[in-house]
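Listed here are the chains, written in short residue letters.
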Amino acid sequence: MSRLPGTALRQSRGLWTSVNTARPAFRNTLLSSTRHASSSSPQHAQSFLTSRASLAAFSCLTVGSIAWYTQLYGTLPFIGEVSANSPAEDGLHPVAYPWSHKGWFDSFDHASIRRGYQVYREVCAACHSLDRIAWRNLVGVSHTVDEVKAMAEEIEYEDGPDAEGQMFQRPGKLSDYMPPPYPNEEAARAGNAGALPPDLSLIIKARHGGADYVFSLLTGYFDPPAGVQIREGMNYNPYFPGGAISMARVLFDGVVEYADGTPATTSQMAKDVVTFLNWAAEPEHDERKQIGIKAVIIFSSLFALSIYLKRHKWTTIKSRKIIYNPPN
Ligand code: HEC
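Conventions used here
- Residues numbered from 1 in each chain as written.
- Predicted model: local features only at pLDDT ≥ 70, side-chain atom pairs only at ≥ 80, totals over all residues.
- UniProt positions renumbered as here; feature names shortened; annotations may be inferred.
- Core = buried A, V, L, I, M, F, W, Y, C linked by C-beta atoms within 7 Å.
- Buried ≥ 20, exposed ≤ 12 C-beta atoms within 10 Å, placed from the backbone.
- Helix = DSSP H or I, 4+ residues; strand = E, 2+ residues; numbered from the N terminus.
- Contact = placed C-beta atoms within 7 Å.
- Axes fitted to C-alpha atoms, helices over the stretch in contact; angles between N-to-C directions.
- Parallel < 35°, antiparallel > 145°, perpendicular 65-115°, else oblique.
- Nonpolar A, V, L, I, M, F, W, Y, C, P; charged D, E, K, R; others polar.
- Expected span 1.5 Å × (residues − 1).
- Bend = angle between axes of the 7 residues up to and from the residue.

- As named in an unreviewed UniProt entry, the chain is quinol--cytochrome-c reductase, taken from Sistotremastrum niveocremeum HHB9708.
- UniProt lists a comment for the chain under the heading Sequence similarities (unreviewed entry), and it reads "Belongs to the cytochrome c family."
- The UniProt entry for the chain carries this comment under Subcellular location (unreviewed entry): "Mitochondrion inner membrane".

Here it is in structure tokens:
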């Protein structure tokens, strides 16, 4: 107390009242009666916060952010979407499956990624490209370097030009990307009765329902129910929006033979290929969760430490008793 002048105490009371009171006139007189060089800035802050200009600015900011968000995402997160579509038009909602990598502390099942790659290579790669995955991405994830090098070398890539200006064919390298099944979109459409098989690199992220949707799609081929007409060349699949998809059922029990002896049932292959595609869409998944856990642990301990330190530093101020002895 002895270090503080008497006015500091009065001033701090004045400030405290000014925060609580709703009457600006009263507040101003209070403040101006104890005005010091240092007391002017809170007053400015007050008038800025209650001024009409700032009210208008904050309103504009709010309206602007809502407009920006709805323009980007369609609706606000807390307002449900209203739609006149029937489940047939939207596609049947997939079941939420218990993926082994679903939890906060779960990594991908890498044996499943390896089997899933085999399913992709032997079945899906006939029609679907995987543009964003290079051979090197598989190294240490599902295969060893030597395995990946051998797989890449089986495929011919065009390279060049050489010294004579000619393009030439060479075996694939680790740095090459997965070869597409068709040279261009037109060829892909021509090979699939006009429908374009989408690139599968990001398909898990690109579809509502993600992994659950693709799994349901692959295992969801049925005979159309009575009354549902499916055009020639299309296939009935209730999970696909509209119910008619040009991709026929591709997974049947025993289509591939797994090297690790896992029985290749339809659902097993679908689960493996979806795990593989999920990895392809999120190769950073395992590392992200690992770093996330570390960050949560480190930052929460730092937070606890900072609370302790703050209390420690403030103890002398918080626990002191202020006594005013008037001079005699
Ligand atoms: C014979 C060619 C062919 C094969 C093999 C094939 N697909 Fe397709 N796929 C297509 C075509 C064509 C479409 C486009 C369907 C449409 O738009 O009606 C498609 C669409 C898809 C879609 C997108 C569905 C959507 O919501 O738009 C996914 C996912 C998919 N295929 C996954 C796979 C997987 C996984 C495999 C391997 C197990 C596979 N496909 C094998 C031809 C194929």
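Here the narrative resumes.
## Observations regarding the nonpolar core
Okay, so step 1: Of all hydrophobic cores here, the largest spans 34 residues; its most connected members are Val214, Val273, Phe276 and Leu277.
Okay, so step 2: Within the residue set of this core, elements represented by two or more residues are helix H6 (110–122), helix H7 (135–138), helix H8 (145–153), helix H10 (203–206), helix H11 (210–219) and helix H12 (266–281).
Okay, so step 3: Per-element tally for this core: the top contributor is H12, with 8 residues.
Okay, so step 4: Beyond its immediate chain neighbours, meaning those up to four positions away, phenylalanine 276 contacts Ile113, Gly116, Tyr117 and Tyr120.

## Looking at the packing of H6 against H12
Okay, so step 1: With their axes 7 Å apart at the nearest point, H6 and H12 run at an angle of 100° to one another. Relative to H12, the element H6 lies roughly perpendicular. Taken together, the residues of H12 that come into contact with H6 (itself represented by Ser112, Ile113, Arg115, Gly116, Tyr117, Val119 and Tyr120) are Met269, Lys271, Asp272, Val273, Thr275, Phe276 and Trp279.
Okay, so step 2: Looking at side-chain class alone, the contact of H6 with H12 contains 8 nonpolar, 3 polar and 3 charged residues.

## A closer look at the UniProt feature "binding site: heme c" (unreviewed entry) in the chain
Okay, so step 1: Here, UniProt's "binding site: heme c" (unreviewed entry) annotation points to Cys124, Cys127, His128 and Met247. For the annotated residues, spread through 124 residues, the largest C-alpha to C-alpha distance comes to 10.8 Å, consistent with a single compact locus.
Okay, so step 2: As for its placement among the helices and strands, cysteine 124 is situated in the loop between H6 and H7.
Okay, so step 3: Note that methionine 247 resides in the loop between strand S4 (244–245) and H12.
Okay, so step 4: Residue classification places methionine 247 among the partly exposed residues on the basis of 19 C-beta atoms within 10 Å.

## Focus: helix H13 (residues 285–318)
Okay, so step 1: Taking 1.5 Å of rise per residue, the 34 residues of H13 would be expected to cover 50 Å, and the 47 Å separating its terminal C-alpha atoms lies within 8% of that figure.
Okay, so step 2: Where H13 bends most, the angle comes to about 30°, and this point is histidine 312.
Okay, so step 3: Of all 34 residues in H13, 0 are buried, a share of ten percent or less.

## Re the environment of histidine 285
Okay, so step 1: Secondary-structure assignment places histidine 285 in helix H13.
Okay, so step 2: The sequence separation of histidine 285 and serine 107 amounts to 178 residues, and the corresponding C-alpha distance is 7.4 Å.
Okay, so step 3: For histidine 285, the residues in contact, after removing those within four places along its chain, are His101, Phe108 and Trp279.

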